[in-house]
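# Fold and contact review
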Amino acid sequence: MPRPFAVVTAAAVASLVACGGGVHGTPGSSGVRDPYFPKAGNGGYDVGHYALDLTYDPGARHLSGTATITARATQDLSAFNLDLKGLDVEKVTVEGRASRFNRAGQELTVRPPDEIDDGETFRVAVRYSGAPVTITDPDGSEEGWLPTADGALALGQPTGSMAWFPGNHHPSDKATYDLTVTVPKGLGAVSNGEPNGERTARGRTTYTWRTPEPMASYLATVAIGDWDVRRSATGAGIPVYTAVDPEEAQASRDLPAAVAEAMTWAQDRFGPYPFSSAGAIVDRSGDVDYALETQNRPVFAGTPDTALLVHEIAHQWYGNSVSPRTWQDMWLNEGFATYAEWLWQEDHGGDTAQETFDALYTGQYYGDEDASDSIWAFPPADPPDAAHISASPVYQRGAMVLHKIRQKVGDGTFGALLQGWASAHRHGNADTEDFTAYVERSAPDEDFSGIWEHWLHGDGRPDEP
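Residues numbered from 1 in each chain as written. Predicted model: local features only at pLDDT ≥ 70, side-chain atom pairs only at ≥ 80, totals over all residues. Heavy atoms only, no water.

## Some points on unusual backbone geometry
Basically, it comes down to this: Each helix is a run of DSSP H or I of at least 4 residues and each strand a run of E of at least 2, with the numbering of both proceeding from the N terminus.
Omega for the bond connecting glutamine 157 with proline 158 falls within 30 degrees of zero, at 0°, which places this linkage in the cis form. Among the secondary structure elements, proline 158 is positioned in the loop between strand S12 (151–155) and strand S13 (175–184). The backbone of leucine 87 shows a phi angle near 65°, a positive value even though the residue is not glycine. With a phi close to 50°, arginine 202 is a non-glycine residue in the positive phi region. Mapped onto the secondary structure, arginine 202 falls in the loop between strand S15 (194–201) and strand S16 (204–215).

## Quick notes on the side chain of threonine 338
How we decide: Only protein chains enter the accessibility calculation, which uses a 1.4 Å probe; a residue whose area is less than 20% of its type maximum is buried, one above 50% is exposed, and one in between is partly exposed. Throughout, a contact is declared for two residues whenever any of their heavy atoms are within 4.5 Å.
Following the sequence through the fold, threonine 338 ends up in helix H4 (residues 331–347). Overall, the relative accessible area of 3% leaves threonine 338 in the buried class. Contact partners of threonine 338, with chain neighbours within four places excluded, come to His311, Tyr395, Gln396 and Ala399.

## Overview of the sheet that holds strand S3 (residues 62–73)
To keep things clear, this is the line we draw: By this definition, two strands are paired if DSSP reports at least two bridges between them.
The eight strands lie next to each other as S6-S5-S9-S3-S2-S13-S16-S15, forming an open sheet whose pairing is mixed. Looking along the sheet, the strands with just one partner apiece sit at the ends: strand S6 (97–98) and S15. Relative to S3, strand S2 (residues 45–57) runs antiparallel, the two being bridged by 12 bridges. Residue pairing for S3: alanine 51 is matched across the bridge by threonine 68.

## Some points on the side chain of threonine 208
Condition: Distance and chemistry together define a polar contact, namely a pair of N or O atoms within 3.5 Å, with one atom able to donate a hydrogen and the other to accept it when in protein, and with adjacent residues in sequence counting only for side-chain atoms on both sides.
Within the secondary structure, threonine 208 is located in strand S16. Taking relative accessible area as the criterion, threonine 208 reaches 16% and is therefore assigned buried. Within the local environment of threonine 208, its side chain forms a polar contact with the backbone oxygen of asparagine 196, the two atoms lying 2.7 Å apart. When neighbours within four sequence positions are excluded, threonine 208 is seen to be in contact with Leu179, Thr180, Glu194, Pro195, Asn196 and Gly197.

## What about a negative patch on the surface?
Note the cut-off: Like charges are joined within 9 Å and nonpolar side chains (Val, Leu, Ile, Met, Phe, Trp, Tyr) within 5 Å, but only among residues with over 30% relative accessible area and no salt bridge; these make up the patches. Note on areas: Shrake-Rupley with a 1.4 Å probe; residue coverage comes only from the protein chains shown. The salt bridge criterion pairs a side-chain nitrogen of Lys or Arg with a carboxyl oxygen of Asp or Glu, the two atoms within 4 Å. Positive charges come from Lys and Arg alone, negative charges from Asp and Glu alone, with His and the N- and C-terminal ends not counted. Note that the charge is assigned to NZ on lysines, CZ on arginines, CG on aspartates and CD on glutamates.
Side chains of Glu95, Asp117, Asp118 and Glu120 sit close together on the surface and give a patch of like negative charge. Within the secondary structure layout, glutamate 120 lies in the loop between strand S8 (107–111) and strand S9 (121–130). The class of glutamate 120 is partly exposed, set by a relative accessible area of 30%.

## Points about the sheet that holds strand S11 (residues 142–148)
What counts here: To obtain an axis, a line is fitted to C-alpha atoms, over the contacting stretch when the element is a helix, and the angle between two such axes runs from 0 to 180 degrees between their N-to-C directions.
Taking strand neighbours across the sheet as the criterion, the five strands line up as S10-S11-S12-S17-S14 in an open arrangement whose pairing is antiparallel. In the strand order of this sheet, the two ends are held by strand S10 (134–136) and strand S14 (188–191), each with one partner. Ignoring strand direction, the axes of neighbouring strands in this sheet form an average angle of 20°. Pairing of S10 with S11, which is carried by three bridges, proceeds in the antiparallel orientation. Note that in S11 the partner of threonine 136 across the bridge is glutamate 142.

Next up, the structure:
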């Protein structure tokens, strides 16, 4: 029988810290005070790498795993938190030594045997198991761990990754990943990054994946099921790895070529691709009902049309490489990806971006009055609450902000700005203030105050288009 570990309350941790002789550290905060998800993420440390070793039984819907997290303290730490929703924690070690822990909601509080000094790199391992939960977002959509007809699909925007592994689940803390997942023989397991081998023994197959570029945890995925896997490459030699549910195989037969075409166009528009491979995961539409820009391998509910494929590929630059500093900055993800759809149409004989802008402004784009009015419900940079960070103004009016900038600076400067913004914050984080400052530096002779006031932060439809 395993040796039992003491479980302490958060109050007891605070008391121990306050009363211990020579104590100089304090507990890291239980959130980073995101304006919409204040308990998401944790203070006091920065994660550099996640090593996740998982085993999943789809029949029993049972997940067991060990998460080994390498992090650097950003303060003297007597205790720190990890985000984990559901699942049973069996053991926690810090630097290989058993550590006390307690649970409170989505917070897993760990008290290491010795305090951790500011700047010190440390390793924490969490062994856990149970039935992972599906999380319902404030807008009613589902994320987290989603059981499917033949396995499971993990999707994490905005907070769902805490349903399947403990971590610092806020986009401001990006890390590299190694994922090992064991499933019953005959099933596949697809994730982000690069496949790093597979082996089968005793009726089970283990797959390993490596993500060498920094990734926000909400972009991590694992898709377990029956997959038709195809490997190809873009014209520039970037590997393309697509995994398609057999029910979608015929409809997705041209998907690798479509990915390669969209990638070639996007590189010309947005600059060098920020990751080492591209691709897609296409599940049957009954298993999931939305697409998500999971890093370098976006997930689709059924075979995507061209516009949706372009949107999710554009996110690899805007949202995945340049990630939001807080969830208030969501328009920097969705406005850019939506404007990419407009640019694709313009470059391929469809409506120009100006024509799309005009149709939205005059209410002719949707053909439905409520949908037309919805884009003016709130400013794209100031959603009213967590339920609206993925609402229409964030997408369409966010794209309209970019078009106003293009009108102001001209096509040449705007094209350079698109690439420069992606380059300046490559594999990093940025917020709205960073973006407006970047635009103003890019065109110092122009006055953008009206765009910021009326289009980015203003209420209602601006008087002049």
